[in-house]
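Listed here are the chains, written in short residue letters.
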Amino acid sequence: MYNPEMKLSENFQLKEFVDSQTAERLKIDNRPDWEAVINLRNLCREVLQPLRDYAQQPIHINSGYRSLLLNEAVRGVGDSQHLYGQAADLHLPNLDTGRRWYKFIVEHTDFDQVLFEYRRTGARWLHISCRRDRKSNRHMAIPNFPAR
Ligand SMILES: [Zn+2]
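The paragraphs below set out a description of the structure included in this document. (Residues numbered from 1 in each chain as written. Predicted model: local features only at pLDDT ≥ 70, side-chain atom pairs only at ≥ 80, totals over all residues. Heavy atoms only, no water.)

Along the polypeptide, Val47 turns up in helix 3 (residues 34–55). For Val47, a relative accessible area of 0% translates into the label buried. On a C-alpha basis, the gap between Val47 and His91 in space is 15 Å, while along the polypeptide they are 44 residues apart. Every residue in contact with Val47, bar those within four places of it in the chain, is listed here: Asn42, Ile105, Thr109, Asp110, Phe111, Ile128 and Cys130. (Helix = DSSP H or I, 4+ residues; strand = E, 2+ residues; numbered from the N terminus. Buried < 20%, exposed > 50% of the residue type's maximum accessible area, 1.4 Å probe, protein only. Contact = heavy atoms within 4.5 Å.)

And the structure:
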């Protein structure tokens, strides 16, 4: 059963990856299936919790799991890893913090992709993904990735 209070790791709860203002506004059902929950838990254990322990401060998730309808509503890429609970976009308190977090992830975690994304408006965030099958994690890090 879907339980938004479920703990994925020491400092992360399922609802942080599922709650979405866009989904709420458009009345989109954004509840993940069990496969996506397991993937989110893996993302937390392998990448986000180690980062949280390093950062010593709360980490806010801008966007985690996205159902098909939500992904379309936010104009995400068609085969986005957000659809599978394999990815999260992290809010950055400032640019320097973002750079430190990026470096930590690259050097200390088993990740698939980490993209330092930006828009021309000046918005910046970290997109991070991780797959459960370790062999398929590509360790692809891009420090300047223009978002659509
Ligand atoms: Zn993303």
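Having put the structure on the table, let's press on.
Under the defined criterion, the tally for this structure stands at eleven salt bridges. Salt-bridge contacts for Arg99 lead to Asp96; the nearest nitrogen and oxygen are separated by 3.5 Å. Residue Arg99 and its partner Asp96 are located together in helix 5 (residues 95–108), separated by three residues, close to a single helical turn. We note a salt bridge from Glu107 to Lys103, for which the minimum N-O separation is 3.3 Å. Of this pair, Glu107 and Lys103 are both found in helix 5, four residues apart, which corresponds to roughly one turn of the helix. If you follow the salt bridges from partner to partner, you end up with Glu46, Asp110 and Arg134 in one network. (Salt bridge = Lys/Arg side-chain N within 4 Å of Asp/Glu carboxyl O.)

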